[in-house]
Structure formats: structure tokens, C-alpha cells
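Structural overview
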Protein chains: 2
Amino acid sequence: MSKSDTRRGAWDELEQPWTTLTSEQPYVTPWLAIHRDTVRTHTGDEITYSYMERPDCVAIVPVTTTGEMLLLRQYRYPIRAWCWEIPMGGIEEGEDPEATVRRELLEEAGGRAGSVRYITTFYTANGAVRQQYMVYLAEGVERSQTDHEPTELIHVTSVPVAEALRMAHAGEITDSLSALSILLCEPNLGIG
Amino acid sequence: MSKSDTRRGAWDELEQPWTTLTSEQPYVTPWLAIHRDTVRTHTGDEITYSYMERPDCVAIVPVTTTGEMLLLRQYRYPIRAWCWEIPMGGIEEGEDPEATVRRELLEEAGGRAGSVRYITTFYTANGAVRQQYMVYLAEGVERSQTDHEPTELIHVTSVPVAEALRMAHAGEITDSLSALSILLCEPNLGIG
């Protein structure tokens, strides 16, 4: 980053302004780890900071050969609600993210992609979760059989791409990870 | 929801398809609670499901009297990175969300809003986090003093609204909650 980029400014030069003093993991499952660190902050204060680490994931915006977007109607236990989502899933150890895209697209949505294109990467929730989402646009998708786990209650449907964009813009897709992924693909969807 | 809405379909009629058998909280801080539930799923399987609960929050898209958006350049310990964000914060017990908007806008960004408008609500990450974000557009914002806590390392800056939208669309605002909030306000920003 150039020092002439005044929008960012001199504060960025101190890239790691906090120091980790101790670190433990008071709760761990195969899908998440809670970190509890004691940290010296930029003010000199010693604080305890807890956050959740989750596996890095891919988020897949799947567009079919007939110009529709595959959407999942999925039951989500943490919020006890049915939600509109796109296929997403964790990148396994050593797995190429494009392979994760093809695997999750098939398992969750029963889709086989003609082509897969990387769009961008974002974080789930910087202040409380350590997790990245890599967004991929899958095009030329053809539908085949799904392969859901007992923890996945998912119905696959499809809507015209323009309708999926309308739903995302209107706040009808209330899962932030799905809505943002769709909106970030908008310039690549050939509409608008 | 009407039964003739075939896009949603009959599966929604069974609104709570999973049954909670046991529920505990193995890790709790003032800012988060980890839930570990045993659950009977729609397949009849008994599984353990862990997720994080966090306070419901407001996300504030602040536009100044001179047509700029206030952005925060904030250090986020969980990902050890500096990020572009908007002001956000937890709704306190019994607090009116509009009061939270005005309080957090002042504390985090030193902004006083002329008017505050509710836009929409989304969830952080349906599969792992129980938390809602209510998005508000704050207009006619004037800048005053911030009031940061020792756990907040934040520099307030402002960019033209069109530039903030460009940054969000381009994936430069990598915090999903901030980027999505800005994009959901786009139709109300008088640009495009």
C-alpha cells in the first residue's frame, strides 16, 4: 500500500497493533473452535477476546444452462427458520477450492457446472468469527441428483436470474452470506 | 404464506421439522454464548448441533450533509487485519433500535444523524450464528467527537457515496455485514 493513499493513512503501518499474551480453545467441535485469548491492545490494556473459528468456505452462485439461478430453501436450526440460500461448504484440508465448488454444488443442489469462475473473497463477521468465504460463479449448470446429509434439510428450486437478483436486493434472501455472494456476482450475470 | 406460492412449496408447512432434546451452554461471555443442543432431525437421526448466539445488532449506513459516507478503518483481532466497515453495535436490553443507531453512530464514528430510516433485516450466518442485523440508513450526518473503547481501534474517514458503493461492489469492503448493508441501501442513496 502506497503512503500517498491518504484514504488509508499512516495507521496501517502498524499492521499488528495488538499482542497475543495467552491463547486457549475452551470449546472445539469438528465444525468450529472457540478461541479465548488474552491480548495487550494498542492502549496498553490487557483484555480477554473470545471468537469462533470456522473452516474457510466457498459460496457458489449457480446459473443453469437455461438462465436460472439454483436456490436452496433450507431449514436452519440456529435461527429456527427456513431460509433462501445458495450452496456453500467448507474447503477440506488440501482441497482445491474449485474442487470444493464442484463437490458442494453437486451434493447440496444436485448441480454439475460447465464452468467455474472465482469472483472475490469476504469475511463472515470480522469482530466475532475467523472465517473466509470465496465466492464462485458456476455457469452452464445442469441438474442431477442431490446427496444430502441427515443434518441438511434442503429443497432445491430455481428462479430466473433477474428474480434472484430482485430477491437479494429486496432483502428477501436474509442469509447475509448468500445475499452478498449473489450481489457481488451481479456484474457477471449479464443483466441490468 | 399462501399455499399457491409454489416457489416455496409444501415443505414450509412443517415449520419446525427438528425437535430439541437437550440444550446447554458450554461457553458464555458477555458478548456471546455457545449453545450445544441434541436434536432429533427430520430423518429421525439424533445429532449434536453447536452454534454461537450473539446480541442482535444494528448496522448503520451513515451519509453526511455533504453527500459522503462515513467509513471506519478498523483493526479486527479475530482475523488479524485492518478492515473497511460501517458503524455497528448491539441493541441493549429494552433499547429502541433507533436509539442504538444514534448511540453507536456517535460512539464509533462521531456522527450525529439528521434522520434515521429502517431498511431491512438479515442474519449473520444462518448455519452457525444466531444473530440478526437491522440495517438503518442515517442521513444528514454531522461529524463530532468519537468515544472509542480500549477494544476498539478505529479511524473514521469519509468517501463520496459513489466511491463507497464502488468499494462495496468491487469486494474491497471485505466485512460481509458492512458490504451487504451498503448494497441493500443502494436504491435509497440517490445514485445510479
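Per chain, residue numbering runs from 1 following the sequence as it is written. Here chains are named by letter from A upward and ligands by number from 1 upward, in the order in which they appear as written. Selection of residues for local features in this predicted model requires a pLDDT of at least 70, selection of side-chain atom pairs for listing and counting requires 80 or more, and totals for whole chains, interfaces and linings are taken over all residues. To get the side-chain values, all heavy atoms of the structure are used, and hydrogens and water are removed first.

1. With respect to the interface of chain B and chain A
- Residue contacts are defined here by distance: any two heavy atoms, one from each residue, within 4.5 Å place the two residues in contact. Contacts between the two partners involve 73 residues from chain B and, on the opposite side, 73 residues from chain A.
- Here a salt bridge means any side-chain nitrogen of Lys or Arg lying within 4 Å of a carboxyl oxygen belonging to Asp or Glu. At the boundary of chain B with chain A, the tally comes to two salt bridges.
- Notably, a salt bridge pairs aspartate 37 of chain B with arginine 80 of chain A, separated by 3.6 Å at the nearest N-O pair.
- N or O atoms within 3.5 Å of each other form a polar contact, as long as, within protein, one can give a hydrogen and the other can take it, and as long as residues adjacent in sequence are counted only when both atoms are side-chain atoms. The tally of links between chain B and chain A comes to 24 residue pairs in polar contact (both at pLDDT 80 or more).
- The element that contributes the greatest number of residues to the side of chain B that touches chain A is helix 3 (residues 176–185) of chain B, accounting for six residues.
- Across the side of chain B that touches chain A, the residue classes tally to 37 nonpolar, 19 polar and 17 charged. Strands here are runs of E lasting at least two residues and helices are runs of H or I lasting at least four, both read from the DSSP assignment and numbered beginning at the N terminus. When residues are sorted by character, Ala, Val, Leu, Ile, Met, Phe, Trp, Tyr, Cys and Pro go into the nonpolar class, Asp, Glu, Lys and Arg into the charged class, and all the rest, Gly among them, into the polar class.

2. Considerations on the nonpolar core
- Here, nonpolar core means buried Ala, Val, Leu, Ile, Met, Phe, Trp, Tyr and Cys residues that are tied together by side-chain atoms lying within 4.5 Å of each other. Burial status follows relative accessibility: with a 1.4 Å probe on protein chains alone, a residue under 20% of its type maximum counts as buried, one over 50% as exposed, and anything between as partly exposed. Of all hydrophobic cores here, the largest spans 70 residues; its most connected members are Ile182 of chain A together with Ile182 of chain B.
- In this structure, isoleucine 182 of chain A is in contact with Val61, Met69, Leu71, Ile86, Ala164, Leu165, Ala168, Ile173 and Leu189 of chain A, ignoring residues within four places of it in sequence.

3. Concerning the pattern of salt bridges
Residue and element names in this part refer to chain A.
- Applying the stated criterion to the full structure yields 24 salt bridges over all chains.
- The salt bridge partner of arginine 166 is glutamate 172, with a shortest N-O separation of 2.9 Å.
- Residue classification places arginine 166 among the partly exposed residues on the basis of a relative accessible area of 36%.
- The network of salt bridges with common partners includes Glu92, Glu95, Arg103, Glu104 and Glu107.

4. Details of the sheet that holds strand 10 (residues 129–130) of chain B
Residue and element names in this part refer to chain B.
- At least two DSSP bridges between two strands are needed for those strands to be called paired. Taken in spatial order, the four strands line up as 1-2-3-10 in an open sheet, and their pairing is mixed. Here the strands that pair on one side only, and so sit at the sheet edges, are strand 1 (19–28) and strand 10.
- As paired strands, strand 2 (residues 33–40) and strand 3 (residues 46–53) are joined by eight bridges and run antiparallel to one another. In the sheet register, isoleucine 34 faces strand 3, and the bridge partner there is methionine 52.

5. Here's the deal with helix 1 (residues 97–109) of chain A
All names here are of chain A.
- Take the number of residues in a helix, subtract one, and multiply by 1.5 Å to get its expected span. A rise of 1.5 Å per residue sets the reference length of helix 1, with its 13 residues, at 18 Å; its end C-alpha atoms lie 17 Å apart and thus fit the reference within 8%.
- If you check which residues of helix 1 are buried, you get Pro97, Thr100, Val101, Glu104, Leu105, Glu108 and Ala109. Relative to the axis of helix 1, the buried residues are bounded by an arc of 125 degrees and lie together on one face.
- Glycine 110, located one to two residues past helix 1, shows a positive phi value of around 60 degrees. By construction, the arc corresponds to the directions joining the helix axis to the C-beta atoms.

6. Concerning the relation of the copies chain B and chain A
- Superposing the copies works by least squares over the C-alpha atoms of residues that have pLDDT at least 70 in both of them. Overlaying chain B with chain A gives an RMSD of 0.0 Å, the required rotation being 180 degrees about an axis along which the chain moves by 0.0 Å. What the superposition gives is, in effect, a two-fold axis relating one chain to the other. Across chain B, the rotation axis passes nearest the C-alpha of leucine 180 of chain B, at a separation of 2.8 Å.
- Of all interface residues in chain B, 100% are interface residues in chain A too; the two copies therefore contact each other through one and the same surface.

7. Side note on the confidence of the model for chain A
Residue and element names in this part refer to chain A.
- Taken residue by residue, chain A gives an average pLDDT of 91. The fraction at 70 or more is 92%.
- The pLDDT value tells you how sure the predictor is about a given residue, anywhere from 0 up to 100. When the criterion is pLDDT under 50, residues 1–8 qualifies, and its contacts beyond four places in sequence or with other chains add up to 12 contacts.
- Our summary of model confidence lists the complex with pTM equal to 0.92 and ipTM equal to 0.92.

8. Quick notes on the side chain of glutamate 152 of chain B
- Along the chain, glutamate 152 of chain B falls in the loop between strand 11 (132–143) and strand 12 (154–160).
- Those residues within four positions of glutamate 152 of chain B in sequence are excluded, and the remaining contacts are His42 of chain A together with Glu108 and Asp147 of chain B.

9. What to know about unusual backbone geometry
Residue and element names in this part refer to chain A.
- A positive phi angle, close to 50 degrees, is found at arginine 80, a residue other than glycine.
- Secondary-structure assignment places arginine 80 in the loop between strand 5 (68–76) and strand 6 (81–85).
- Given a relative accessible area of 27%, arginine 80 falls into the partly exposed group.

10. Observations concerning the pairing of strand 1 of chain B
Residue and element names in this part refer to chain B.
- Examined bridge by bridge, strand 1 and strand 2 share seven bridges and lie antiparallel to one another. Note on strand 2: the bridge partner recorded for serine 23 is aspartate 37.
- Linking strand 1 back to strand 2 in an antiparallel pair, the connection comprises four residues.

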